[in-house]
Amino acid sequence: MKARNIIPLLAFGLMATLWGCDIETSDNGDFDGMWHLETVDTLGHGSLDCKSKHLYWSFQMRFMQTNNTETAEMFIYRFNHSDDSLVITEPRVNDRDLGDTLVTDISPLAKYGINSTRESFYIERLKGRDMVLSNKWLRLVFRKF
């Protein structure tokens, strides 16, 4: 086969391959990435400085993860954000071998500022490397890692 006949076939094959791919992208904007939890303000009952702790929230696509990098503890959640609100649902223990079981005891989540299996936050600030989330009980301050 001559080279001039192969080029259109290769071009067609490449186009067909690209049409068959479904590239999924995230529309989370500044949320995407890893955030270090630096302060938990209990709104009237004092603040907890978490800068020396290894507590992180990470967002990617439709999932959020909290983890403690010192203990390798990890939880995954579904989340939804729009305008100035963030809703976190379905906390699960991140353990692929056991099927990411739903969290029934929420006490391990409290250190991350999560005190319910469905948590809603107001987004006070989300700009550059700074994020501040709050609800009736807490204000959480983060720095992008």
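Sequence order sets the numbering: in each chain, residues are counted from 1 along the sequence as written. Predicted model: local features are reported for residues with pLDDT of at least 70 only, side-chain atom pairs are reported and counted for 80 or more only, and whole-chain, interface and lining totals are derived from all residues. Excluded from the side-chain calculation are hydrogens and water; included are all heavy atoms of the structure.

1. Focus on the confidence of the model for the chain
We apply this condition: By definition, pLDDT measures how confident the predictor is in each residue, and it falls between 0 and 100. The helix count covers DSSP runs of H or I at least four residues long, the strand count covers runs of E at least two residues long, and both are numbered beginning at the N terminus.
On average, residues of the chain score 85 in pLDDT, and 82% of them are at 70 or above. The least confident element of the chain, judged by mean pLDDT, is helix α1 (residues 3–20) at 56; the most confident is strand β8 (residues 130–134) at 96.

2. Remarks on the packing of aromatic side chains
Threshold: Think of it this way: a Phe, Tyr or Trp ring, Trp meaning its six-membered ring, pairs with another when their centres are within 6.5 Å, and the plane angle makes it stacked under 30 degrees, edge-to-face over 60, tilted otherwise. Accessibility here uses a 1.4 Å probe with only protein chains present; expressed as a share of the type maximum, an area under 20% marks a residue as buried, one over 50% as exposed, and anything in between as partly exposed.
Tallied over the entire structure, the rule returns 8 aromatic pairs. Ring geometry for phenylalanine 59 versus phenylalanine 79: centroids 5.0 Å apart, planes at 75°, classification edge-to-face. Taken together, the positions of phenylalanine 59 in strand β3 (residues 55–60) and phenylalanine 79 in strand β5 (residues 73–82) put the pair 20 residues apart, joining distant regions of the chain. The same class applies to phenylalanine 59 and to phenylalanine 79, which are both buried. A ring pair is formed by phenylalanine 75 and tyrosine 112, whose centres lie 6.3 Å apart and whose planes are at 75°; its orientation type is edge-to-face. Taken together, the residues phenylalanine 75 in strand β5 and tyrosine 112 in the loop between β6 (85–93) and β7 (118–127) connect sequence positions 37 residues apart. Here phenylalanine 75 matches tyrosine 112 in class, with each residue buried. Among the aromatic residues, those joined into a ring-pair cluster are Phe31, Trp57, Phe59, Phe79, Phe121 and Phe142.

3. Quick word on the pattern of salt bridges
Threshold: By convention in these notes, a salt bridge is any Lys or Arg side-chain nitrogen within 4 Å of a carboxyl oxygen on Asp or Glu.
As enumerated under the stated definition, the model contains 8 salt bridges in all. The salt bridge partner of glutamate 124 is arginine 139, with a shortest N-O separation of 3.0 Å. Placement of glutamate 124 in strand β7 and of arginine 139 in strand β9 (residues 139–144) is noted, with a sequence separation of 15 residues between them. The partly exposed category is assigned to arginine 139, whose relative accessible area is 29%. Through salt bridges that share partners, Asp41, Glu124 and Arg139 make up one connected network.

4. Observations regarding the side chain of serine 58
Selection criterion: In this analysis, two residues are considered to be in contact whenever any of their non-hydrogen atoms come within 4.5 Å of each other.
As for its placement among the helices and strands, serine 58 is situated in strand β3. Apart from residues no more than four positions distant in its own chain, serine 58 is found in contact with Gly33, Met34, Phe63, Met64, Gln65 and Asn67.

5. A few points about the layout of surface pockets
Our working rule: For cavity detection a 1 Å grid was placed over the protein atoms alone, and a set of points counts as a cavity when a 1.4 Å probe fits there but cannot get out; an open set counts as a pocket when protein lies on both sides within 12 Å along at least five of seven lines, with lining residues being those that have an atom within 4 Å of a point. Grid points are joined across faces, edges and corners, and a volume is the space filled by probe spheres set on the points. In this classification, Asp, Glu, Lys and Arg are treated as charged, Ala, Val, Leu, Ile, Met, Phe, Trp, Tyr, Cys and Pro as nonpolar, and every other residue, Gly included, as polar.
Volume-wise, the largest pocket comes out at about 210 Å³. Contributions of two or more residues to the lining of the largest pocket are made by β3, β4 (63–68), β5 and β6. Split by residue class, the lining of the largest pocket holds 5 nonpolar, 3 polar and 5 charged.

6. Focus on the environment of asparagine 115
For asparagine 115, the position within the fold is in the loop between β6 and β7. The class of asparagine 115 is partly exposed, set by a relative accessible area of 42%. Counting along the chain gives 23 residues from asparagine 115 to leucine 138, while the straight-line C-alpha distance between them is 10.0 Å. If we ignore the near neighbours within four places in the chain, the residues touching asparagine 115 are Ile106, Ala110 and Leu138.

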